[in-house]
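These are the residues of each chain, in order.
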Amino acid sequence: MLHVCFEPSKEEHVSENTKDFQYVTYAWDDAVAAKLDAVERLVYRSNLLGSDQRITNTGGGNTSSKLMQSDPLTGEQVEVLWVKGSGGDLRTSKRENFASLYLDKLISLQAHYNRAEVRGPKTPIEDEMVGLYSHTTFNLNPRASSIDTPLHAFVPAKHVDHMHPNAVIAIAAAKNSERLTREIYGDDVIWTPWQRPGFDLGLKLQEICRAHPNAKGVILGGHGLINWADDDKACYELTLSLIERAARYIEAHDKGEQTFGGQKYQSLDEAQRHAVFAAVLPWLRGQVSQSRRFVGTIQDDPTILRFVNSYDAPRLAELGTSCPDHFLRTKIKPLYVDWNPQSEDIDQLKQKLSAGLEQYRKDYAAYYEQHKHPDSPAMRDPNPTVILIPGLGMIAWGKDKSESRVTAEFYNCAVEVMRGAEAIDEYTALPLQEAFDIEYWLLEEAKLRRMPPEKELARQIIAVVGGGSGIGREVALRLAKEGAHIVCVDRDLASAQATAQQIVDTYGFGIGVAGSGISNCGPAIGLQADVTQRESIRRMLDELTLAYGGLDAVAVTAGIFVPPDTTGHIRDEQWALTFAINVTGHYLVADETAKLWKEQGLPVNLVLTTSANAVVPKKGSLAYDTSKAAANHLVRELAIELAPLVRVNGVAPATVVQGSAMFPRERVIASLAKYNIPYSEDESSESLTQKLAQFYADRTLLKRPITPADQAEAFFLLFTNRLRQTTGQIIAVDGGLHEAFLR
């Protein structure tokens, strides 16, 4: 039989006036909450809590409500625990992200646990219990329960919040955490030492509730905060109140300019930082991506710069993080590089990074060997996911942009935890064995194995030059569908950004609240560049490097066709423009990108757009056809010049009319007239385009109109490993033009 921890009266309120919160944001709206059912109110409360980084980190913490509901089998009223499920994020959670479990069945699992001869933290029975939670599922809810479920089930209050607030973790990670908890909270909050989350910790909380019936919450040593109430709004307000009390205590002891021991180095100005990042990141990405490619996020805001520039940064960085959520992303510790931004140059930075990476890998392998168990999973990638550099800031790595933003966010949180702990006491990290047992927990490994396989172009960063319209736009959309990060580049910035936004709208921005400037981006960005201007291309490459850390492939679809006058000629400057875009522009993109690729040192791809016209001469398109013939040969020359690092191929479309930016209405009409195809001036552009597309299709063997999507499929194929032994080739996507057979 469980005993309620406290019985709040209807008049009970939190101690702080909700209007006076300084370190959390009070956002509860009675008018909104009144329109929601009980489960929706839980979702509402969760979203509010998750939206404030000072309350909990992305994906961290969980919430629950115990609700009376009708049993779908018996029709009787039963008590159901609704709790955030495994893998969810409070800020973005919806109803389907919550598990629902019969509370009485959950509690009855205690008898099964207690029958085990060996029980307690890290025992086989504790992990076995997780597999039993599904047997308590209410109403066939498919959402898997998290390992924190017992923490909510065995605290008998109706509503429970478990958060990871920086201010409270600072107390939980302080050397004298127990004393500080008592000093700040009195009897309201009880301290308990670090213990890995699970069934046994739930039982510990149950005992705390029995021993301290008036307690409102518990500080979990090295971990976070859990608190409760019998009213959902009161629980929300209590959560904010407890965090506010911790934050106020820390701020009252803030060390000001002596935070982290004071500043040892000065930050470079923003332009200098960006220049160094742009110069170093491709090389650094190559160094950390030898096993699997990583996507980067940079953070160079004043808060992280204060930390990396400080005297104490090396000591604190070496200690590692405390909260399990943090180091599951950031690894046991970051790589701190003791580079002097005032007296050392980029070459010296690379030397120190190289030495630091080598030592980090050795340290990680030693950490694994020292703490592994007979059944531990194999050692994971030994490269750091967080790199700290004085004067510059932080570089975080992840399998995709979303994960690297989360990694950056979590180390931002860790820095705040260290600031708070050092302000009031001394920061301590988890013992290495405890950290290892979280990082290599078999349940965590099982969760990783349940994740869907990565898409074919996952971890790839691909620039589509000409991605604002036509074939380029279709290529961008096709590659994004396969998991690539897309940099849409166009002379028209608005069109490039529109394509990028469509990708973000389709696949989501991702999670993780971090990244400075352009590095705070999603799976696609839009950039401006003029392919006829080398400096413009260089700026674009620098920007995408700041956004993602490197580049894996480039598709150049930018091109121009200048319709001839009535005599079949174009002006000299139009001839020059045709070659400047269709040939020289492709070369300039390749030449500038090759410098980045040489630094990065990873196998990459370049695909240029040529044309069937390159091998099929015809009247009326002299400049275009000869420029495309040159582009064909450019593919072959670049394949030789850039081998073996770069595979270079071309895609040769033919008469892509529908959806192509190369066929505006006036060109369509000119072509219809040229081929004596009947049309009317008042016909819609769509009708005219269809007529011309069908005419061109009828000249091919396959008799089907050719679309930008058909071209995009060829680009996709060339960017995959399916044709990894193909370079210097032109793939025709022309419906079967027998005149162009001989390439």
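Here the residue index of a chain counts from 1 through its sequence in written order. Owing to the predicted nature of the model, reporting of local features is limited to residues with pLDDT of at least 70; listing and counting of side-chain atom pairs is limited to 80 or more, with chain, interface and lining totals taken over all residues. Heavy atoms throughout the structure, all of them, feed into the side-chain values; hydrogens and water do not.

Trainee: I keep staring at the sheet that holds strand β1 (residues 62-70) and nothing clicks. Help me out?
Mentor: Think of a sheet as strands paired side by side through backbone hydrogen bonds, with each pair either parallel or antiparallel. Should DSSP find at least two bridges between two strands, the strands are taken to pair. Secondary structure follows DSSP: runs of H or I at least 4 residues long count as helices, runs of E at least 2 residues long count as strands, and numbering of each begins at the N terminus. The strand order across the open sheet built from seven strands is β3-β2-β1-β4-β7-β6-β5, with neighbouring strands paired in mixed fashion. The sheet is open, and its two edges are formed by β3 (98-102) and β5 (189-192), each paired on a single side. Averaged over neighbouring strand pairs, the angle between their axes works out to 20° when direction is ignored. Contacts between residues were defined by any pair of non-hydrogen atoms, one from each residue, lying within 4.5 Å. Convention adopted: a line fitted to C-alpha atoms gives each axis, helices being fitted over their contacting stretch, and angles between N-to-C directions are expressed from 0 to 180 degrees. Against the sheet, helix α2 (residues 38-50) engages β1, β2 (77-84), β3 and β4 (159-163), with an angle of about 175° to β1. In the packing of helix α3 (residues 103-114) onto the sheet, the strands contacted are β1, β2 and β3, and the crossing angle to β3 comes to about 75°.

Trainee: Where do I start with the packing of aromatic side chains in this structure?
Mentor: Each aromatic ring pair is summarised here by two numbers: the centre-to-centre distance and the angle between the ring planes. Stacked, tilted and edge-to-face pairs are distinguished by plane angle, under 30 degrees for stacked and over 60 for edge-to-face with tilted covering the rest, among Phe, Tyr and Trp rings (Trp via its six-membered ring) whose centres lie within 6.5 Å. Per the counting criterion, the structure on display carries 17 aromatic pairs. With a centroid separation of 5.4 Å and 75° between ring planes, the pair formed by Phe-561 and Tyr-624 is classed as edge-to-face. Taken together, the positions of Phe-561 in the loop between β15 (553-556) and α21 (572-600) and Tyr-624 in helix α22 (residues 622-642) put the pair 63 residues apart, joining distant regions of the chain. Here the two residues Phe-561 and Tyr-624 agree in accessibility, since each one is buried. Only protein chains enter the accessibility calculation, which uses a 1.4 Å probe; a residue whose area is less than 20% of its type maximum is buried, one above 50% is exposed, and one in between is partly exposed.

Trainee: Before we go on, may I ask you to explain the side chain of Ser-100 in this structure?
Mentor: Tracing the backbone through its elements, the reader meets Ser-100 in strand β3. At a separation of 3.0 Å, a polar atom in the side chain of Ser-100 contacts the side chain of Asn-141. Beyond its immediate stretch of four places on either side in the chain, Ser-100 contacts Val-80, Leu-81, Trp-82, Thr-136, Thr-137, Phe-138 and Asn-141. Two N or O atoms count as a polar contact when they lie within 3.5 Å, although within protein this holds only if one can serve as hydrogen donor and the other as acceptor, and sequence-adjacent residues are included solely when both atoms are side-chain atoms.

Trainee: I'm lost on the pairing of strand β10 (residues 386-389) in this one. Help?
Mentor: Moving residue by residue along a regular strand, the side chains alternate between the two faces of the sheet. Here β10 shows a buried face lined by Val-386 and Leu-388 and a second buried face lined by Ile-387 and Ile-389. Here strand β9 (residues 335-336) runs beside β10; their pairing, made up of two bridges, is parallel. Note that in β10 the partner of Leu-335 across the bridge is Ile-387. Of the crossover connections in this fold, the one passing from β9 over helix α14 (residues 346-371) to the parallel β10 is right-handed. Of the strand pairs in this sheet, β10 and strand β11 (residues 393-398) are connected by four bridges, and their pairing is antiparallel. Opposite Leu-388, over in β11, you have Met-394 as the bridge partner. Two successive antiparallel strands, β10 and β11, enclose a turn made up of three residues, where Gly-391 displays a positive phi of approximately 80°. Orienting the strands away from the viewer, one traces the path from the first strand over the helix to the second; a clockwise path indicates a right-handed crossover.

Trainee: Whenever I open this one, the sheet that holds strand β8 (residues 295-299) confuses me. Can you help?
Mentor: Spatial strand order, β8-β11-β10-β9: four strands in an open sheet with mixed pairing. Of all the strands in the sheet, just β8 and β9 have a single pairing partner and so form its edges. The sheet strands contacting helix α10 (residues 270-288) are β8, β10 and β11, and the helix crosses β11 at an angle near 35°.

Trainee: So what exactly am I meant to see when it comes to the environment of Phe-719 here?
Mentor: By secondary structure assignment, the location of Phe-719 is in helix α25 (residues 708-719). Phe-719 sits in the buried class, given a relative accessible area of 4%. Along the primary structure Phe-719 and Ile-462 are separated by 257 residues, whereas in three dimensions their C-alpha atoms are 9.1 Å apart.

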